[in-house]
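Here are the chains, one letter per residue:
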Amino acid sequence: MSTVRDSQKLTAKRLAAGTVALGAAAFGYASGIERRHYVLRTAELPVLAPGAQPMRVLHISDLHMLPGQQAKQRWVAALDQLEPDLVVNTGDNLAHPKAVPAVLRALGPLLERPGLFVFGSNDYYAPKPKNPARYLMPRGKKKRIHGRKLPWRDLRAAFLEHGWQDLTHIRHTLTVAGQTVFAAGLDDPHLRRDRYGEIAGPAEPATLRLGVTHSPEPRILDPFAADGYDLVLAGHTHGGQLRIPGIGALVTNCELDRSRARGASRWGAHMWLHVSAGLGTSPYAPARFACPPEATLLTLVERGRTTPKTTKATPRKSPRAIR
């Protein structure tokens with residue numbers, strides 16, 4: 001009996017050691033490799049008015065930029081090679097008070113293209129250390145924690161100087177690739193700064209009726225759908241950031257269901273939602289697993305023409321969309 005018990009103890013110790021080693025390896029991969037493994041996701045969505053020509057929209061979100069992240073800056077700048085018709089930035093650009101120049105270096109060539117933006121919580125406030133377990137708690141039980149204020153006004157001024165449109169509580173019409181885009185946006189719903197009443201009302205006729213928000217809260221997606229928008233772009237979720245293969249995201253950090261944590265999905269009978277998994281993380285939670293940082297090139301086509309398609313590339317030096 002003693003020999004059997006000794007064998008069982010040895011087996012248990014080996015299993016425990018193996019579990020610890022596997023966890024350490026997974027953490028090392030998530031924090032040291034995957035969070036720097038930038039990918040370009042592509043998707044085709046049937047959201048344009050009948051007879052419209054395809055429109056290429058580059059969706060960028062959640063850069064969470066630190067001043068020294070030069071590889072990220074170079075990768076984002078290279079996205080200009082995709083020659084998008086429109087760039088949409090859904091917020092959380094900053095992770096440090098001195099990161100504005102780094103964000104502008106990253107977006108540099110893209111700022112010369114038509115662009116729309118809204119801000120998120122990490123444009124207004126710096127991140128702070130938090131217990132990771134709080135993300136698994138019901139949202140109503142979380143105490144909001146703000147870091148020091150960030151220079152969002154400087155970033156906004158630079159975006160405006162280059163011709164990008166701030167959509168914060170604005171309804172705006174612009175011409176993109178010879179076609180009309182009617183767009184409206186909100187301040188960050190995650191901070192409850194949104195005031196949908198300021199943009200409420202039926203979307204104006206256009207080739208594309210576009211809603212833009214940082215956090216994809218259902219309470220603001222429903223009125224966008226009711227007002228006749230074709231597509232809403234959002235970020236904030238980081239795609240779950242830590243995903244389990246075969247299960248997906250464990251959390252979304254908002255009221256959106258986990259199945260929609262990243263990518264395109266239908267919202268109601270007529271509207272599409274696209275949630276970007278984003279390009280960064282909080283510096284206090286620098287890990288991604290089964291959810292690499294991403295930007296998305298959306299090819300928008302006329303409604304009813306095609307079945308939506310989603311693919312993924314892993315560009316290193318020169319991002320190129322998969323056809």
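Everything here concerns the structure above.
About the thresholds
- Residues numbered from 1 in each chain as written.
- Predicted model: local features only at pLDDT ≥ 70, side-chain atom pairs only at ≥ 80, totals over all residues.
- Heavy atoms only, no water.
- Phe/Tyr/Trp six-rings, centres within 6.5 Å; stacked < 30°, edge-to-face > 60°.
- Helix = DSSP H or I, 4+ residues; strand = E, 2+ residues; numbered from the N terminus.
- Buried < 20%, exposed > 50% of the residue type's maximum accessible area, 1.4 Å probe, protein only.
- Salt bridge = Lys/Arg side-chain N within 4 Å of Asp/Glu carboxyl O.
- Contact = heavy atoms within 4.5 Å.
- Axes fitted to C-alpha atoms, helices over the stretch in contact; angles between N-to-C directions.
- Nonpolar A, V, L, I, M, F, W, Y, C, P; charged D, E, K, R; others polar.

## A short note on the packing of aromatic side chains
The tally for this structure, following the rule as stated, stands at 11 aromatic pairs. Plain terms: the ring middles of Tyr124 and Trp152 are 5.2 Å apart, the flat faces sit at 80° to each other, and that makes the pair edge-to-face. In this pair, Tyr124 is assigned in helix 4 (residues 121–124) and Trp152 in helix 5 (residues 152–161), connecting sequence segments 28 residues apart. Seen in terms of ring centroids, Tyr196 and Phe224 are 5.2 Å apart; in terms of plane orientation they differ by 90°. Their pairing is edge-to-face. With Tyr196 in the loop between strand 7 (179–185) and strand 8 (208–212) and Phe224 in helix 6 (residues 218–226), the pair connects residues that are 28 residues apart, well separated along the chain. By relative accessible area, which is 11% here, Tyr196 ends up buried. When its relative accessible area of 0% is taken as the criterion, Phe224 is described as buried.

## What to know about the pattern of salt bridges
Scanning the model with the defined rule gives 9 salt bridges in all. For Arg193, the salt bridge goes to Asp187, with nearest N and O atoms at 3.1 Å. Classification of Arg193 by relative accessible area gives partly exposed; the value is 28%. Using a relative accessible area of 7% as the deciding quantity, one classes Asp187 as buried. Between Arg209 and Asp230 there is a salt bridge; the shortest N-O distance is 2.6 Å. Taken as a pair, Arg209 in strand 8 and Asp230 in the loop between helix 6 and strand 9 (231–234) lie far apart in primary sequence, 21 residues in all.

## Observations regarding unusual backbone geometry
One non-glycine residue, His64, adopts positive backbone phi at about 45°. By secondary structure assignment, the location of His64 is in the loop between strand 2 (55–60) and helix 2 (70–78). One non-glycine residue, Arg192, lies in the positive phi region at around 60°. By the secondary structure assignment, Arg192 is in the loop between strand 7 and strand 8.

## Notes on helix 2
Of the positions making up helix 2, those classed as buried are Lys72, Gln73, Trp75, Val76 and Ala78. Along its buried surface, helix 2 packs onto strand 1 (39–48), strand 2, helix 3 (100–107) and strand 14 (294–302).

## Looking at the packing of helix 2 against helix 3
At a closest axis distance of 6 Å, the pairing of helix 2 and helix 3 adopts a crossing angle of 35°. Contacts between helix 2 and helix 3 involve Gln73, Val76 and Ala77 from the former and Ala102, Arg105, Ala106 and Leu107 from the latter. Tallied by class, residues from the contact of helix 2 with helix 3 come to 5 nonpolar, 1 polar and 1 charged.

## Quick look at the side chain of Arg243
Mapped onto the elements, Arg243 comes out in strand 10 (residues 243–244). With a relative accessible area of 15%, Arg243 lands in the buried category. In this structure Arg243 touches Gly248, Ala249, Ala261, Arg262, Phe289, Ala290 and Cys291, once residues within four positions along its chain are discounted.

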